[in-house]
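Breakdown of the fold
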Amino acid sequence: MTDHEPEAATDTFAEAGDPSVGRLILVGTPIGNLGDASLRMQQAIASADVIAAEDTRRFLSLAQRLELEHTNRVISVFDHNEQSRAPELVEHVRAGRTVVLLSDAGMPAVSDPGYRVVRACAEADLPITATPGPSAVLMALAVSGLPSDRFSFEGFLPRKSGARRSLLDELRTEKRTMVFFESPHRIADTMADLLSVIGPERPMSISRELTKTYEETLRGTVGSLQERAAEGLRGELTLVLAGASAVETSPEDHLAEMAALVDAGMRAKEAAGQVAKSHGLSKRDVYEAWLHQE
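Residues numbered from 1 in each chain as written. Predicted model: local features only at pLDDT ≥ 70, side-chain atom pairs only at ≥ 80, totals over all residues. Heavy atoms only, no water.

- With an unreviewed UniProt entry as reference, the protein is termed Ribosomal RNA small subunit methyltransferase I, source organism Brevibacterium celere.
- Checking UniProt for the protein, the heading Subcellular location (unreviewed entry) contains the comment "Cytoplasm". (UniProt positions renumbered as here; feature names shortened; annotations may be inferred.)

1. A few points about the sheet that holds strand β4 (residues 98-102)
- Strand order in the open sheet formed by five strands is β3-β2-β4-β1-β5, with parallel pairing between adjacent strands. Edge positions in the sheet fall to β3 (73-76) and β5 (128-131), since each has one partner strand and no second. For this sheet, the mean angle separating the axes of adjacent strands, direction not counted, is 25°.
- The pairing of strand β2 (residues 50-53) with β3 spans four bridges and is classified as parallel. (Pairing = 2+ DSSP bridges. Helix = DSSP H or I, 4+ residues; strand = E, 2+ residues; numbered from the N terminus. Axes fitted to C-alpha atoms, helices over the stretch in contact; angles between N-to-C directions.)

2. Focus on the packing of helix α3 (residues 82-94) against helix α4 (residues 115-123)
- Contact pair α3 / α4: the axes reach a minimum separation of 9 Å and the direction vectors enclose 40°. As far as their axial angle goes, α4 and α3 are oblique. Between α3 and α4 the crossing geometry is right-handed. When α3 is examined against α4, the residues Glu82, Gln83, Ala86, Leu89, Val90 and Val93 are found in contact with a partner set consisting of Tyr115, Arg116, Val117, Arg119, Ala120 and Cys121.
- By residue class, the composition of the contact of α3 with α4 is eight nonpolar, one polar and three charged. (Parallel < 35°, antiparallel > 145°, perpendicular 65-115°, else oblique. Left-handed = near helix turned anticlockwise from the far one by under 90°. Contact = heavy atoms within 4.5 Å. Nonpolar A, V, L, I, M, F, W, Y, C, P; charged D, E, K, R; others polar.)

3. Comments concerning the layout of surface pockets
- Its volume calculated, the largest pocket comes out at about 1,100 Å³.
- Take the lining of the largest pocket: its biggest share by element is five residues, from helix α2 (residues 56-65).
- For the lining of the largest pocket, the per-class residue count stands at 21 nonpolar, 11 polar and 11 charged.
- When residues of the lining of the largest pocket are assigned to domains, at least three fall in each of domain 1 (23-134) and domain 2 (137-241). (1 Å grid on protein atoms, 1.4 Å probe; cavity = no way out; pocket = protein on both sides within 12 Å on 5 of 7 lines; lining within 4 Å. Points joined across faces, edges and corners; volume = space filled by probe spheres on them. Domains from an automatic or database assignment.)

Shown next as C-alpha cells:
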C-alpha cells in the first residue's frame, strides 16, 4: 500500500514526456501469446521514428498480426551488428527522434540484443525508457513454487559440458534461487551435469512453452527432473533452481548415500568429498559423521 493513488494512464505513449525530445524506448514483446501485447507497446511502435528490431521479418509479421499501421524506418539490430549500429541509433536520439528497440520476444537487453545500444545512449546522457512486457524469467520464477524474494538470472548455460560443469560448480553454493534458459537439444546433457554437480535432492522446476498452447511447468528435484529430461523435452525451456539454502540437510542425512559409494569400491574420503560436493556440505564434516556414526 502507498499513500498516493497511482497516476492515470496516458492516452498515448508520447504524452509520458516531451515529444520534441528524442529518446530510446526498449519495448517488451510477447513471448508466445499475442494477447500479451500491451496497448502501451503498440502505441510506442506506432509513434516511433525508427524501429530497431532483432529480426525485421519477425517484427513486420508481429505488426501485421497486431494490425499496426506504421511508416517508421525499420532497421536490424542483432548480436553481430549491434556494436556498429549503436552510434547510428545514438545520433537518431540526439537529433530528437524516438527510437524503439525490440527483440524477437521478451525484453531487449536481457539475453537479447540491446545492452550495447542502451550503454551508448547512457554514455551520451540521452533519455532511455521502456515499456515493460512479458518475461520468461519472471513468469517461470513466479510459477515455480520456489523462493522468489532473492534470485539471480544466469542466462543460457555454456554449450560444452566442461564449461557448463565449471559454472555450475561455481553456483553450487549460491543461496539465491537461480533462473536459466536452455535449449531442448541440450536439456538432457544439462540435467545430467546438474545431477552430477548439484546432486539429486535440490528442488527445481522446468517451464516450457510459456504463454503458449502447450505451456507446462514440471516441478520436482534435480534427480526427478533429470529422468524426465532424459526422455526429451520440446519447446523453449526456462529452468528454476533452488538456492543452496533451500535444502537444509546435515552430513548425517547422506550417510546411506556415502555407504553406497563405499560399497561400490570408493575410498571413504573420496566418497565423503563427492557427497559433500553434491549437497553443499563440508567434506570434513561428512567424513567425521561417517567415522562416528552409530
